[in-house]
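Breakdown of the fold
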Amino acid sequence: MSRFWLLLSHLHSIAGPVVMLLYPLYASVMAIESPSKVDDEQWLAYWILYSFITLLEMVLQPLLEWIPIWYWLKLLLMSWLVLPQFRGAAFIYEKFVREKIKKYAGDGRGYDHHKFTNGRQARGN
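Residues numbered from 1 in each chain as written. Predicted model: local features only at pLDDT ≥ 70, side-chain atom pairs only at ≥ 80, totals over all residues. Heavy atoms only, no water.

Focus: the overall build of the chain
When helices and strands are tallied, the chain shows 5 helices and 2 strands. Counted from the first residue to the last, the chain has its helices and strands arranged as α-α-α-α-α-β-β. Put simply, the chain has 125 residues, and 20% of those count as buried. Sequence separation of at least 24 residues holds for 62% of the intrachain contacts in the chain that already meet a minimum separation of 6. Summed over its atoms, the accessible surface of the chain is roughly 10,100 Å², and 68% of this surface lies on carbon and sulfur atoms. (Helix = DSSP H or I, 4+ residues; strand = E, 2+ residues; numbered from the N terminus. Buried < 20%, exposed > 50% of the residue type's maximum accessible area, 1.4 Å probe, protein only. Contact = heavy atoms within 4.5 Å. Areas by Shrake-Rupley, 256 points an atom, 1.4 Å probe, with all protein chains shown as cover.)

What follows is the structure, given as structure tokens:
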């Protein structure tokens, strides 16, 4: 029985980095290399949400320490965001984040992201 708990503790240690970082990194590289924009949106949305959740977690750390199942809840949420069957990151971004951006940033006409390449304004060469 002790070997079972040892295995579970090792899975617990590995599951977070694999689900939250390793697989999303791999999938992001594959998305960049694919011609489809759908997977690009999924992974950009994931990294936006991952960053937001990480920052929120840093701020709320004293409170989250009192929730014993916080890590498992976070792992479950991140799995839903990551797994391609659910496309959770794209769903959250489209339903909540995009509306807030449109509301507070206007219609986005002031910034054309196609004009910029590698941090410098593209020249008309």
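Next comes the rest of the description.
Some words on the side chain of Lys 74
Its location among the elements puts Lys 74 in helix α4 (residues 70-82). Apart from the residues lying within four places of it in its own chain, the contact partners of Lys 74 are Met 20, Ile 53 and Glu 57.

Description of the packing of aromatic side chains
For the structure shown, the criterion picks out 7 aromatic pairs. Residues Trp 43 and Tyr 46 carry aromatic rings whose centres are separated by 5.7 Å and whose planes lie at 70° to one another, so their mutual orientation is edge-to-face. Of this pair, Trp 43 and Tyr 46 both sit in helix α2 (residues 38-59), 3 residues apart, which is roughly one turn of the helix. When its relative accessible area of 0% is taken as the criterion, Tyr 46 is described as buried. (Phe/Tyr/Trp six-rings, centres within 6.5 Å; stacked < 30°, edge-to-face > 60°.)

Some details on unusual backbone geometry
Notably, Arg 87 is not glycine yet its phi reads approximately 50°, a positive angle. Along the chain, Arg 87 falls in the loop between α4 and α5 (88-105).

Some words on the packing of α2 against α5
The geometry of α2 relative to α5 is characterised by a closest axis approach of 7 Å and an angle of 75° between their N-to-C directions. Classified by the interaxial angle, the pair formed by α2 and α5 is roughly perpendicular. Counting all contacts with α2, which are made through Glu 41, Gln 42, Ala 45, Tyr 46, Ile 48 and Leu 49, the residues of α5 involved are Gly 88, Ala 89, Ala 90, Ile 92, Tyr 93, Glu 94 and Val 97. Residues that form the contact of α2 with α5 fall into these classes: 9 nonpolar, 2 polar and 2 charged. (Axes fitted to C-alpha atoms, helices over the stretch in contact; angles between N-to-C directions. Parallel < 35°, antiparallel > 145°, perpendicular 65-115°, else oblique. Nonpolar A, V, L, I, M, F, W, Y, C, P; charged D, E, K, R; others polar.)

What about the layout of surface pockets?
One number sums up the size of the largest pocket: a volume of about 230 Å³. Lys 37, Asp 40, Glu 41, Leu 44, Ala 45, Ile 48, Ala 90, Tyr 93, Glu 94 and Arg 98 together form the lining of the largest pocket. Of all the secondary-structure elements, those providing two or more residues to the lining of the largest pocket are α2 and α5. Top element by residues in the lining of the largest pocket is α2. It accounts for 5 residues. In terms of residue class, the lining of the largest pocket is made up of 5 nonpolar, no polar and 5 charged. (1 Å grid on protein atoms, 1.4 Å probe; cavity = no way out; pocket = protein on both sides within 12 Å on 5 of 7 lines; lining within 4 Å. Points joined across faces, edges and corners; volume = space filled by probe spheres on them.)

Here we look at the nonpolar core
Residues Met 20, Trp 43, Tyr 46, Tyr 50, Met 78, Leu 81 and Ala 89 are the most contacted members of the largest nonpolar core, which totals 15 residues. Sorting the residues of this core by element identifies α1 (2-33), α2, α4 and α5 as the ones contributing at least two each. With residues near it in sequence (within four places) discarded, Met 78 still touches Val 19, Met 20, Tyr 46, Tyr 50 and Ile 53. (Core = buried A, V, L, I, M, F, W, Y, C linked by side-chain atoms within 4.5 Å.)

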